[in-house]
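One letter stands for each residue in the lines below.
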Amino acid sequence: MDLLAKLAPIAERHARIKALGSDAVGVVNEKLLSPTRAIIDGRETILAGTNNYMGITFDAECIAAGQKALAEYGTGTTGSRIANGSFALHRDLEREFAAFLDRKHCIVFTTGYQANLGMMSGLAGPRDTIYLDADSHSSIYDGCTLSGAKLVRFRHNDAADLDKRLARGEADEGGGRLVVLEGIYSMMGDRAPLADFIAVKKKHGFQLLVDEAHSFGVLGPHGRGLADEAGLEKDVDFVVGTFSKSVGAIGGFGAGDHPYFEMLRYAMRPYMFTASSSPASIATSIAAIRKLAAEPQRRRKLAENSARLFHGFRDLGLELGCNEVSPVVAVRCPDEPSTIAMWNALLKAGVYVNIALPPGTPNKLCLLRCSVSAAHSDADIDRIIELFGAVVAQGHGKKVVNG
Ligand code: PMP
């Protein structure tokens, strides 16, 4: 039996998508011109699907910090921090992130994906129960699997549903209970109603983790995320985030105030059994976090750009992922073929967005997902709106009118 035979349906679907134009899941940026511009298929293209929220990837100080670290520490760490020890840079980064987050402890991981795998499996074990929002990112689901904890899914953003499941004691065997939320949900751009969940926390008593991957750097007076925006950080026990979005590098973090938090380092396989991130990446993350702290205007510009795109799309009559302004702006499309056709037409016209199709989307939706950057100009945002308008008008996608 050929082990790869089961991939035949994936191969067929991939071929079908490619036959309709460019490879929607294999786009190559032939040359990067800036945080918001690349050459794709030989054409200069506006990037509107990169999660480069702060537009920081070409910042001169971040690049210089990375180059200095390459020269001083070399190209790689060649092992895990448990086996090989840490570089001073790792500790510097953890100290700076803990200070930025106003948390006692911070542990840095090689990717944001591993941060979720590590935190979930370090915090919860087979006797414990993890309550997950149904729309949680795959890294949260995978972390749950790795932990061996019992999994209870509650309806997306529905604190009353969580309350009901906790009251029933679903899957409860007397272990601990961890509830996991996201600051901004990556596909639809909506925020968790944190105050509602914290009311349920006060009633039932559980530990709460918020993945601020898409909200870190973006929301709140300090740029720490949704809990910062909502003024509810003291009620959140653990924060997870990534360096691959607002920080413009690669890596992830978990943070908290628990006195045993540091011991998680010796209990998280995705931290212990993988090489730590490269010196250049760590150093650029340190430089980036200093920028985020010193330049709140980036956050303000991102908010302005997000509002401009959101209202522009609304005026076109497009149905969006959520009804609140967010740097993630998803356009709901009628079906898979029209979504692929619209995506190709947009790319040809010079704008790259993410295509998101089932099973990777909530409620089997077909989406064209934009992520806004502080580095987009007003003219960029207007051009994205104009091109979406033109593509819809050409009939590539049936116009979906706001309900
Ligand atoms: N959490 C969420 C909510 C995400 O959207 C992502 C990535 N898109 C991750 C974690 C993983 O982060 P990374 O890509 O840095 O591994």
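Here the structure is a predicted model, which means the values were calculated and not measured.

Novice: Help me understand the packing of aromatic side chains in this model?
Specialist: The geometry of an aromatic ring pair comes down to the distance between the two centres and the angle between the two planes. On inspection of all chains with the given rule, the structure shows eleven aromatic pairs. Aromatic side chains Y73 and F87 sit 5.7 Å apart centroid to centroid with 20 degrees between the ring planes, which places their arrangement in the stacked category. Note that Y73 is positioned in helix α2 (residues 60-73) and F87 in the loop between α3 (81-84) and α4 (88-101), a separation of 14 residues in sequence. On the accessibility criterion, Y73 (32% relative accessible area) is partly exposed. Its relative accessible area of 22% is what places F87 among the partly exposed residues. On the numbers, 6.1 Å between centres and 25 degrees between planes, the contact of F243 with F253 is stacked. With F243 in the loop between β9 (238-242) and β10 (252-256) and F253 in strand β10, the pair connects residues that are ten residues apart, well separated along the chain.

Novice: Help me out: how do you make sense of empty space enclosed by the protein in this one?
Specialist: The probe, sized like a water molecule, is rolled over the atoms to show the empty space still left. Considering all chains together, one arrives at four cavities of 30 Å³ or more under this definition. What lines the largest cavity is simply S80, R81, H90, V108, F109, T110, Y271, T274, A275, S276 and S277. Of the residues assigned to the lining of the largest cavity, the class counts are four nonpolar, six polar and one charged. Considering the residues around the second largest cavity, the lining is formed by L101, R103, E212, R224, A227, D228, E233, V236 and V239.

Novice: Please explain the nonpolar core as it appears in this structure.
Specialist: A general trend in soluble globular proteins is that nonpolar side chains are found buried together. Ranked by size, the top nonpolar core spans 91 residues in total, and within it F97, L194, F313, L368 and F388 carry the most contacts. Each of two domains, domain 1 (3-54 + 296-393) and domain 2 (60-294), supplies a minimum of three residues to this core. Apart from residues lying up to four places away in sequence, L194 is in contact with L181, L208, V210, L226, A227, A230, L232 and V236.

Novice: How should I be thinking about the sheet that holds strand β3 (residues 43-47) in this particular structure?
Specialist: The strands making up a sheet associate through backbone hydrogen bonding, with each pair oriented either parallel or antiparallel. Judged by pairing direction, the sheet is mixed, and its four strands sit side by side in the order β1-β2-β3-β12 without closing on themselves. Lying at the two open borders of the sheet, with one neighbouring strand each, are β1 (31-34) and β12 (351-352). Pairing of β3 with β12, which is carried by two bridges, proceeds in the parallel orientation. Looking at the pairing, I46 lines up with V351 of β12.

Novice: How do you make sense of the domain arrangement of the chain when you look at a structure like this?
Specialist: In many reports, interface size means the accessible area that the parts give up when they come together. Assigned domains of the chain: these are domain 1 (3-54 + 296-393) and domain 2 (60-294). The C-alpha-based centres of domain 1 and domain 2 are spaced at 26 Å. Facing the 25 residues of domain 1 at the interface are 23 residues of domain 2. Overall, the association of domain 1 and domain 2 removes approximately 1,800 Å² of surface from exposure, summing both partners, and the carbon and sulfur fraction of that is 56%. When residues of domain 1 are sorted by the area they lose upon contact with domain 2, M54, R299 and P362 head the list and together hold 29% of the total.

Novice: Looking at this structure, how should I read the layout of surface pockets?
Specialist: By volume, the largest pocket amounts to about 640 Å³. Looking at the largest pocket, it is lined by 36 residues, and the ones nearest its centre are S136, H137, S138, S186 and M187. Elements supplying a minimum of two residues to the lining of the largest pocket: α5 (112-123), α6 (138-147), β9 and β13 (354-356). By residue class, the composition of the lining of the largest pocket is twelve nonpolar, 17 polar and seven charged. Residues lining the lining of the largest pocket come from more than one domain, with at least three contributed by each of domain 1 (3-54 + 296-393) and domain 2 (60-294).

Novice: For this particular structure, what's the right way to read the site of the ligand?
Specialist: Close contacts around the ligand come from 14 residues, with Y113, D211, H214, T242 and S244 the closest. Between K245 and the ligand, the recorded distance is 2.9 Å, taken from a side-chain N or O atom to a nitrogen atom. Relative to its free-state accessible area of 390 Å², the ligand is covered by the protein chains to the extent of 83%. The element best represented in the shell around the ligand is α5, accounting for three residues.

Novice: What am I meant to see in unusual backbone geometry here?
Specialist: Generally, phi is negative for residues other than glycine and the peptide bonds are trans, each holding for most cases. Note the cis peptide between P358 and P359, where omega equals 10 degrees. Looking at the element boundaries, P359 is found in the loop between β13 and β14 (366-371). A positive phi is found at N51, a non-glycine position, where the angle reads about 60 degrees. Structurally, N51 is set in the loop between β3 and α2. Positive phi, normally seen in glycine, also occurs at N157, with a value near 60 degrees. Among the structural elements, N157 can be located in the loop between β6 (150-154) and α7 (159-168). Of the residues examined, N157 reaches a relative accessible area of 18% and is grouped as buried.

Thresholds applied
- Residues numbered from 1 in each chain as written.
- Predicted model: local features only at pLDDT ≥ 70, side-chain atom pairs only at ≥ 80, totals over all residues.
- Heavy atoms only, no water.
- Phe/Tyr/Trp six-rings, centres within 6.5 Å; stacked < 30°, edge-to-face > 60°.
- Helix = DSSP H or I, 4+ residues; strand = E, 2+ residues; numbered from the N terminus.
- Buried < 20%, exposed > 50% of the residue type's maximum accessible area, 1.4 Å probe, protein only.
- 1 Å grid on protein atoms, 1.4 Å probe; cavity = no way out; pocket = protein on both sides within 12 Å on 5 of 7 lines; lining within 4 Å.
- Points joined across faces, edges and corners; volume = space filled by probe spheres on them.
- Nonpolar A, V, L, I, M, F, W, Y, C, P; charged D, E, K, R; others polar.
- Core = buried A, V, L, I, M, F, W, Y, C linked by side-chain atoms within 4.5 Å.
- Domains from an automatic or database assignment.
- Contact = heavy atoms within 4.5 Å.
- Pairing = 2+ DSSP bridges.
- Buried area = accessible area lost by both parts, 1.4 Å probe.
- Near = heavy atom within 4 Å.
- Polar contact = N/O pair within 3.5 Å; in protein donor to acceptor, adjacent residues only side chain to side chain.
- Areas by Shrake-Rupley, 256 points an atom, 1.4 Å probe, with all protein chains shown as cover.

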